Structures are given as C-alpha cells and as structure tokens.
Amino acid sequence: QVQLVESGGKSVRVGESLRLSCVASGIPFSAWSVGWFRQIPGQEREPVAAMSWTGRSTYYRESVKDRFIISKDNTENTVHLQMNSLKPEDTGVYYCAAGESYSAVLDASTVDVWGQGTRVTVSS
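Everything quoted here is computed from the prediction, not taken from an experiment.

Undergrad: Just checking my understanding: could you explain the nonpolar core for this structure?
TA: Soluble, globular proteins show a tendency: their nonpolar side chains are buried together. Ranked by internal contacts, the top residues of the largest apolar core, which has 28 residues, are W36, I70, L81 and Y94. Among the elements of the structure, β3 (18-25), β4 (33-39), β5 (46-51), β7 (68-73), β8 (78-83), β9 (92-99) and β11 (118-123) are those that each provide at least two residues to this core. It is β3 that contributes the most residues to this core, 4 residues altogether. Ignoring sequence-local partners within four residues, the contact set of Y94 consists of E6, L20, W36, F37, R38, V48, F68, L81, M83, G117, T118 and V120.

Right, dumping it as structure tokens:
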C-alpha cells in the first residue's frame, strides 16, 4: 500500500513551535523527493518547503524562511517540518507530499503521492 500519514498538527499561540511528521510506506522513500504544502479554505494548495531525494537541495516559501526546517529521515521513512516562531498566517491544513523528482514536489499539480493532511491553527 502506498501512503503518507501526517501527524503533529494542533492549535498553538503566536510565537510557539510545532513539529509535523509524515511516515511513508509503499514507495522507495530514500530515492524520492519530499515536500510540505499548505491549503487555506477557498485557496489553492501551495508549497511551503521541499527537499530533494539527496537532501542537497531545499525550497522554502519566502514567508517561512528562517523559521521552518524540512528534514528527511531515510532510516525511518519519515519527513519532518519543524515550525518555529509561528504566526497567524501559518494557519492551514498541511499536506506532506512525495515525488519521483524534486520538481514534482515543488508544484501541487505534479505531486505523485499525498498525505491526508493535518491542521495547524495559530492564534494570538
């Protein structure tokens, strides 16, 4: 079975930190690129962070640079998103994603496998 299962989403206050996790199965995880997307009601799903399968290339949405860190653990087939100094605009449903290429996880239209989503709410 091919699947990504996210966890870690919750309601937090401005300035707090949160760590999202996504466990993958059914894919050659170590050879696939990964990413995290955010979706707000009424809007399209947008990329937040991504990492190439080698771990040598990363992407961060400008609004989260220096606050979020994506990491990939090939031993545990898990991708994490460490979210620091959270702001209200970080609120949304976060989806982990995997793809056969790095470019695939930089655009929602090309992602190969999606997680079910985990909700993050940041309030003052």
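Undergrad: Where do I start with the state of the cysteines in this structure?
TA: One way to say it: the disulfide is the covalent bond shared by the sulfur atoms of two cysteines. Summed over the entire model, instances satisfying the criterion amount to 1 disulfide. Put simply, C22 and C96 are joined by a disulfide, and their sulfur atoms are 2.0 Å apart. Disulfide C22-C96: torsion about the S-S bond near 50°, hence right-handed. Taken as a pair, C22 in strand β3 and C96 in strand β9 lie far apart in primary sequence, 74 residues in all. Classification of C22 by relative accessible area gives buried; the value is 2%. Classification of C96 by relative accessible area gives buried; the value is 0%.

Undergrad: What exactly am I supposed to notice about the sheet that holds β3 here?
TA: What links the strands of a sheet is backbone hydrogen bonding, and the strands pair in either a parallel or an antiparallel sense. Read from one edge of the open sheet, 4 strands run β1-β3-β8-β7, paired in antiparallel fashion. The open sheet terminates on both sides in strands that have one partner only, identified here as β1 (3-7) and β7. The average undirected angle you get between the axes of adjacent strands in this sheet is 15°. Where β1 meets β3, 5 bridges bridge the pair, whose relative direction is antiparallel. Its bridge partner being in β3, S7 is matched across the sheet by S21.

Definitions and limits used
Residues numbered from 1 in each chain as written. Predicted model: local features only at pLDDT ≥ 70, side-chain atom pairs only at ≥ 80, totals over all residues. Heavy atoms only, no water. Core = buried A, V, L, I, M, F, W, Y, C linked by side-chain atoms within 4.5 Å. Buried < 20%, exposed > 50% of the residue type's maximum accessible area, 1.4 Å probe, protein only. Helix = DSSP H or I, 4+ residues; strand = E, 2+ residues; numbered from the N terminus. Contact = heavy atoms within 4.5 Å. Disulfide = S-S within 2.5 Å. Pairing = 2+ DSSP bridges. Axes fitted to C-alpha atoms, helices over the stretch in contact; angles between N-to-C directions.

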